[in-house]
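# Close look at the chain arrangement
Chain by chain, the residues run as shown.
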Amino acid sequence: MSLALFFYSFLIFFFFIHNANSLPRNSKSTTTTLDVGNHQVYNPEAKLPDIRMNPLSASKKFEGSSDLVHLRYHMGPVLSSPINIYLIWYGKWANSHKLLIKDFLLSISSKGSPSPSVSDWWRTVSLYTDQTGANISRTVLIAGEYTDHLYSHGKDLTRLTVQDVIASAVKSKPFPVDHKTGIYLILTADDVTMQDYCRAVCGFHYFTFPSKVGYTLPYAWIGHSIKQCPEVCAYPFAVPAYMGGGGPGALHPPNGDIGVDGMISVIAHELAELSSNPLINAWYAGEDPTAPTEIGDLCEGLYGTGGGGGYIGQVMKDRKGRTFNLHGRRGRKFLVQWIWSPVLKACAGPNALD
């Protein structure tokens, strides 16, 4: 659930390795990690070709498969009926940004996109079931939109005040109270701050309190990071300045927009977790439901075969050099992280090469 924590851990790890070894950019040997289940262990003796030149080992298996991951079902509901997304645009949004995000959401149910597609990616999410055996729905719709361009609850939000944003949308009656099939997706503009944003989270999901909204409604919040922390929340389309020329270069975003393209992977992460754990009592690992490790958390930073240890895995590039791993509707392309598969017991994506 806390994407920023993953990226900070990776950046600190990379900074340590880079400075400890002082290798030139094109050195043919470097330190690496050993893959031990889902954990990366630093091994200063191991020597492999530089990951910037040849990023895959012979096995290509760094995708987090592990017998140590105890993802369990806790008997709560999943979103097994057709999923209605109610979009809340908080702050000032460009129409082009709105359209890009909506194209991603509508691609989940789109049948006409080439493989690997967003719809293929969601198939992994749909493998999760409730206690009746009903799968998460493969039908995802945008059921309504609400725009608050006046920042009616201010530009500095908290985990509690974001529920006031939902309450305003519900009470103004553009949205029905859809507590069985609805999820409320709050997207804040690039000049809106959020409690713990950039430091500990890039997005989160939970459910509303009746004392705040009047109902218990599953929701997710995701922020636009471009003015605040793109190197954390829009990674790998932005990288920290201190990496200089020695780190992996920033990748070109598939739709030419660092902030929104980076935001879409966070939206995908939160939607997958919200669908499989809407009331924080369904699918997660760990014993503490207040800090669950969910199906997106287990695969943070993995986008393709061979991913792990700070390498995103094998992905594709279009003729303009833009990086992607999924096709969407209307010719769109996206780079979206993989999801933990309950069948493979590993991170999975439709662009896998093995």
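Below is a short write-up of the structure. Positions within a chain are numbered from 1, following the residues in the order the chain's sequence is written. In keeping with the predicted nature of the model, local features appear solely for residues at pLDDT of at least 70, side-chain atom pairs appear and are counted solely at 80 or more, and the whole-chain, interface and lining totals rest on all residues. Only heavy atoms go into the side-chain values, all of them from the structure, while hydrogens and water stay out.

## Section: the pattern of salt bridges
Opposite charge on two side chains allows them to pair when their charged atoms are near. For the record, the criterion: Salt-bridge detection follows one rule: a side-chain nitrogen of Lys or Arg within 4 Å of a carboxyl oxygen of Asp or Glu. Strands are runs of DSSP state E lasting at least 2 residues, helices are runs of H or I lasting at least 4, and numbering of each runs from the N terminus. Residue exposure (1.4 Å probe, protein chains only): buried if accessible area is under 20% of the type maximum, exposed if over 50%, otherwise partly exposed.
Scanning the model with the defined rule gives 10 salt bridges in all. Notably, a salt bridge pairs Arg 329 with Asp 103, separated by 2.5 Å at the nearest N-O pair. With Arg 329 in the loop between strand 14 (326–327) and strand 15 (333–334) and Asp 103 in helix 2 (residues 95–107), this residue pair connects regions lying 226 residues apart in the sequence. Residue classification places Arg 329 among the partly exposed positions, given a relative accessible area of 26%. Judged by its relative accessible area of 0%, Asp 103 falls in the buried class. A cluster of three or more residues bridged by salt bridges with shared partners is formed by Asp 103, Arg 329, Arg 330 and Arg 332.

## Focus on a nonpolar patch on the surface
Stated formally: Each patch groups residues whose relative accessible area exceeds 30% and which form no salt bridge, using 9 Å between like charges and 5 Å between nonpolar side chains of Val, Leu, Ile, Met, Phe, Trp and Tyr. Areas reported here follow the Shrake-Rupley algorithm with a probe of radius 1.4 Å; residue values treat only the protein chains shown as occluding.
On the surface, a nonpolar cluster with roughly 290 Å² of combined accessible area is contributed by Leu 127, Val 343 and Leu 344. Mapped onto the fold, Leu 344 is located in the loop between strand 16 (339–341) and strand 17 (346–348).

## Some words on the environment of Gly 203
Turning to its location among the elements, Gly 203 is positioned in strand 9 (residues 203–207). Taking C-alpha positions, Gly 203 is 7.0 Å from Glu 270, a pair spaced 67 residues apart along the chain.

## Structural notes on the state of the cysteines
Our working rule: Any two cysteine sulfur atoms lying within 2.5 Å of each other are counted as a disulfide.
If you walk through the whole model with that rule in mind, you get 3 disulfides. A disulfide bridge connects Cys 198 with Cys 229, and the sulfur atoms are separated by 2.0 Å. Its S-S torsion of approximately -75° makes the covalent link between Cys 198 and Cys 229 left-handed. Highlighted residues: Cys 198 in the loop between strand 8 (193–194) and strand 9 and Cys 229 in the loop between strand 10 (218–223) and helix 6 (230–233), separated in sequence by 31 residues. Under the relative-accessibility criterion, Cys 198 is labelled buried at 10%. Take Cys 229: its relative accessible area is 1%, and that puts it in the buried class. What pairs with Cys 202 in a disulfide is Cys 233, and their sulfur atoms sit 2.1 Å apart. Torsion about the S-S bond of the Cys 202 and Cys 233 cystine: about -85°, corresponding to left-handed handedness.

## Some remarks on unusual backbone geometry
Cis geometry is adopted by the peptide bond preceding Pro 116, which originates at Ser 115 and carries an omega value of -5°. In this fold, Pro 116 is placed in the loop between helix 2 and helix 3 (118–125). For the bond from Tyr 235 to Pro 236, the omega torsion is 10°, close enough to zero to count as cis. Considering the arrangement of structural elements, one finds Pro 236 in the loop between helix 6 and helix 7 (258–276). Backbone geometry places Asp 196, a non-glycine residue, at a positive phi of 70°. The residue Asp 196 is located in the loop between strand 8 and strand 9 in this model. Despite not being glycine, Ile 280 has its phi angle at roughly 60°, a positive value. In this fold, Ile 280 is placed in the loop between helix 7 and strand 11 (283–285).

Function cannot be read off these values alone, since they describe shape.
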